[in-house]
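In case you want the letters, here they are:
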Amino acid sequence: MQSRRTKLVKDLKQRGELVGRSTAGALTDLLYDELTDLPTVPLLLGRIRRLLKEARQLGLLSISVLQNERGEQTLGWQGYESLVRSVAAFLLEIRQVGLRRDDYVSEVMISGNAFVILLSPPRGKQGIAYPDIDKVRRRVAARLERFVRDRLPAEVQQTFGLYVGCTVLAQNASVRFERLVYSALELAFTDSLQQRKKEQYDAALKLKMILKAEAVHPVYQPVVDLLEKRIVGFEALTRVSPDAFAGPDQLFKAAYDNDSVWKLDRLCRERAIRSARGLDDEQLLFLNVEPDSIHDPTLRSESTFALLRDSNLKPSQVVLEMTEHSAVRDFTSLRQLLSYLQFHGFRLAVDDVGSGYSGLKSIAEIKPDFIKIDMALIPEIHLHPIKQDRTGTIARFSTSSGITLIAEGVETVEELRCLQSIGVRYAQGYLFARPGPPFPKADLSAIED
C-alpha cells in the first residue's frame, strides 16, 4: 500500500501537480484512502488542471456502489468495507488491462462509495465527445458486470449494484477551476443514476415477463453419500434464459428490488416440485427458499401439500434450503414458522455455511437437519490449511449438533480426498454430475473405498 502511495506522490511532485507540495506527506495522509489504497480527487486537481490546459477536454467516468434496503443488514459495515475494497482493487485491474497508462482511478472522498476514473486525452479524432467517453463507459460497465457475476457471492450480488456514468470535462475560463471539476463530477454521477434507473426499469420489465409466462425451469444436481456410494437426493436449481438475466442471482436481485420475492420463489418451488415426479421414495429433494419466503403463507398452505401429492412426494422428502448469509432480526418468529414446517414433515437446511452473516449462532437457533458448506471454502481446499481448519470446525460442530453436513462445489479428486479426510460424508458438485433434467446420473468412480 505504501509503495503505491509513495509512487503517486513522487509522480505528482515531479510533474508539479501536487497542491501544497511543500507539505506533501501531511496532505497525502489526509487525502489518501487507506481502505481502498486510492487517492481522492483533491490529490489529482493539479493533474486535471495541467491536462485541461493541454487538451482543453477530459473524460470522466463515475462508479457508484449503491446498496438496496437489504444491503446493510446483510453485509454489515465490515462486509460493506470489504466489498468497497474489492471494487477498488478491480478498478485498478481494469486500468492495467483495459484502459490507458495515464488514466487514473481515484475516490471522491475518503472511505466513500463513489469512484472516479480520469481519462487522459485524446479519445476521438476531433477531441473528446460524449459518444467517445460513453464507449469507454460501456466497456468498463461490462467488465464490472462480469466481476460481480463471477467473483462475488450470491448474497452480495442481491444487495448492491455498480453503476457507471460519464461526462466530458471541458475547459471554461469563466468558471472557477475547482467548481468546474466538481460540477463535471456531479454530472457524471447523475449520469450513473440514470443508468441505474434504466437498468432497474429493464430488469423490472424482464422480471414481469418471466413471472407472467412462468418462464423458469428447474435443473437438478445429485447429492452423494461418499460412504455408501449412492445418490441420496437432488438439489433443484432455477434457470432462466440468459437473454433475460445472466443467472438466478440477478433474477432474484430484480425480485427483491421489485417486491416480488414471494411470487418468484413460489413459481420456482412449484416448477421444481412438478418436475420432480419420479423421485425415488428414499431420495430427498432440496429446494432453495429465500429467507423472506419462509413468511409466505402459501408455503404452509394446503396447495403446497396437494402439489406434493400430485408429484408423488412426501413432505419428509423435501428439504427447504435457506442461505446463512441473510441477517435474521426476529429468531422467535422465524423459529415458530420453521417448527410448523418441521412438524408437518419438511426438513430444513442452511446453505453457504462458513462465511455468512452470523456464523454458527444462527444455525444453533434454526436447528436445521442439514448444513451445506459455503462453496467458497471448497476450491483447492487441499492446498489451503485455513480452509481446512474452517471446514473442520464446521464438521465438528455438525457432528456434535447431530446435523448432517454436505459439501457443495466439489470439482476435483484432490478436493474430494481432502474433504473425506476431514470427515465430510455427503457432497455434490461437477466431479459427480452437472445440473441437468430430472434426474442426472452421478459418476461415483472418484470415491475411494
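Residues numbered from 1 in each chain as written. Predicted model: local features only at pLDDT ≥ 70, side-chain atom pairs only at ≥ 80, totals over all residues. Heavy atoms only, no water.

Draft legend 1. Molecular detail of the overall build of the protein chain. In terms of regular secondary structure, the protein chain is built from 14 helices and 14 strands. When burial is assessed residue by residue, the protein chain has 51% of its 449 residues classed as buried. Taking contacts inside the protein chain between residues at least 6 apart in sequence as the whole, the part at least 24 apart equals 72%. As displayed, the protein chain offers around 21,800 Å² of accessible surface, 51% of which is attributable to carbon and sulfur atoms. (Helix = DSSP H or I, 4+ residues; strand = E, 2+ residues; numbered from the N terminus. Buried < 20%, exposed > 50% of the residue type's maximum accessible area, 1.4 Å probe, protein only. Contact = heavy atoms within 4.5 Å. Areas by Shrake-Rupley, 256 points an atom, 1.4 Å probe, with all protein chains shown as cover.)

Draft legend 2. Here's a closer look at the side chain of Glu-107. With respect to the helices, strands and loops of the structure, Glu-107 is situated in strand S4 (residues 104-107). No salt bridge is formed by the buried Glu-107; the nearest opposite charge belongs to Arg-85, separated by 10 Å. Look past the residues within four positions of Glu-107 in its chain and what remains in contact with it is Asp-33, Thr-36, Leu-38, Pro-39, Thr-40, Val-41, Gly-112, Ala-114 and Phe-115. (Lys, Arg positive; Asp, Glu negative; His and termini not counted. Salt bridge = Lys/Arg side-chain N within 4 Å of Asp/Glu carboxyl O.)

Draft legend 3. The nonpolar core, seen in detail. Formed by 54 residues in total, the largest nonpolar core has its most connected members in Leu-285, Ile-294, Leu-320, Ile-371, Val-410 and Phe-432. Of all the elements, helix H11 (residues 331-343) adds the most residues to this core, at four residues. In this structure, Leu-285 is in contact with Tyr-220, Phe-234, Ala-236, Ala-272, Ile-273, Ala-276, Leu-279, Leu-313, Gln-317, Val-318 and Val-319, ignoring residues within four places of it in sequence. One finds Leu-38, Ile-128, Phe-147 and Leu-162 within the second-largest nonpolar core, a separate group that totals 32 residues. (Core = buried A, V, L, I, M, F, W, Y, C linked by side-chain atoms within 4.5 Å.)

Draft legend 4. Expanded view of the pattern of salt bridges. In this structure the tally under the stated criterion is 17 salt bridges. Salt-bridge contacts for Glu-235 lead to Lys-372; the nearest nitrogen and oxygen are separated by 2.9 Å. Of this pair, Glu-235 sits in strand S8 (residues 230-239) while Lys-372 sits in strand S12 (residues 370-373), and the two are 137 residues apart along the sequence. Judged by its relative accessible area of 0%, Lys-372 is buried. Where salt bridges share partners, they join Asp-225, Glu-228, Arg-230 and Arg-425 into one cluster.

Draft legend 5. Region of the structure containing the sheet that holds strand S6 (residues 160-170). On the basis of which strands lie adjacent, the open sheet formed by four strands has the order S4-S5-S3-S6 and antiparallel pairing. Each edge of the open sheet is held by one strand with a lone partner, namely S4 and S6. Sheet twist, expressed as the average angle between the axes of neighbouring strands with direction ignored, equals 20 degrees. Where S4 lies against strand S5 (residues 114-119), four bridges are found, and the strand directions are antiparallel. Each residue of the ladder has a partner; that of Tyr-104, found in S5, is Leu-118. Across the sheet, helix H7 (residues 177-213) touches strand S3 (57-67), S5 and S6, and the angle it forms with S6 is around 140 degrees. (Pairing = 2+ DSSP bridges. Axes fitted to C-alpha atoms, helices over the stretch in contact; angles between N-to-C directions.)

Draft legend 6. View of unusual backbone geometry. A cis amide bond, omega -10 degrees, links Pro-438 with the succeeding residue Phe-439. Relative to the helices and strands, Phe-439 resides in the segment after strand S14 (426-427). Residues other than glycine seldom take positive phi values, yet Arg-56 does so here, at roughly 70 degrees. With respect to the helices and strands, the residue Arg-56 is situated in the loop between helix H3 (45-55) and S3. The exposure class of Arg-56 is exposed, given its relative accessible area of 52%.

Draft legend 7. Helix H9 (residues 261-274), seen in detail. In a regular helix each residue adds 1.5 Å, so 14 residues correspond to 20 Å; H9 covers 20 Å between its end C-alpha atoms and thus fits that length. Burial in H9 covers these residues: Val-261, Leu-264, Asp-265, Leu-267, Cys-268, Arg-269, Ala-272 and Ile-273. (Expected span 1.5 Å × (residues − 1).)

Draft legend 8. The arrangement of the packing of aromatic side chains in detail. The tally for this structure, following the rule as stated, stands at five aromatic pairs. Between Tyr-220 and Phe-439, the aromatic rings sit 5.3 Å apart at their centres with planes inclined by 65 degrees, giving edge-to-face as the arrangement. A residue pair is termed long-range when its members are at least 10 positions apart, and Tyr-220 in strand S7 (residues 217-225) and Phe-439 in the segment after S14 qualify at 219 residues. Their ring planes at 55 degrees and their centres at 5.7 Å tell us that Phe-305 and Phe-346 sit as a pair that is tilted. In this pair, Phe-305 sits in helix H10 (residues 302-310) while Phe-346 sits in the loop between H11 and strand S11 (347-353), placing the two residues 41 residues apart along the sequence. Take Phe-305 and Phe-346: they sit in the same class, and that class is buried. Pairwise contacts between aromatic rings join Tyr-220, Phe-234 and Phe-439 into one cluster. Over the ring of Tyr-104 we find Arg-95; its NZ or CZ atom is 5.3 Å from the centre of that ring. Over the ring of Phe-286 we find Lys-372, and its NZ or CZ is 4.7 Å from the ring centre. (Phe/Tyr/Trp six-rings, centres within 6.5 Å; stacked < 30°, edge-to-face > 60°. Lys NZ or Arg CZ within 6 Å of the ring centre and 35° of its normal.)

Draft legend 9. Representation of the sheet that holds S11. Strand order in this closed barrel of eight strands is S7-S8-S9-S10-S11-S12-S13-S14, and the pairing throughout is mixed. Summarising the sheet, S11 and S12 pair through three bridges and their orientation is parallel. Looking at S12, one finds that Ala-349 is bridged to Phe-370. Contacts from helix H13 (residues 385-401) reach S11, S12 and strand S13 (404-407) within the one sheet, and its direction differs from that of S12 by about 175 degrees.

Draft legend 10. The pairing of strand S9 (residues 284-288), seen in detail. Counted residue by residue, S9 has four buried out of five residues, so it is predominantly covered. Taken together, the four bridges between S9 and strand S10 (residues 318-323) define a ladder with parallel strand orientation. Residue pairing in the sheet places Leu-285 in a bridge with Val-318 of S10. In terms of handedness, the path from S9 via H10 over to S10 forms a crossover that is right-handed. (Right-handed = clockwise from strand over helix to strand, strands pointing away.)

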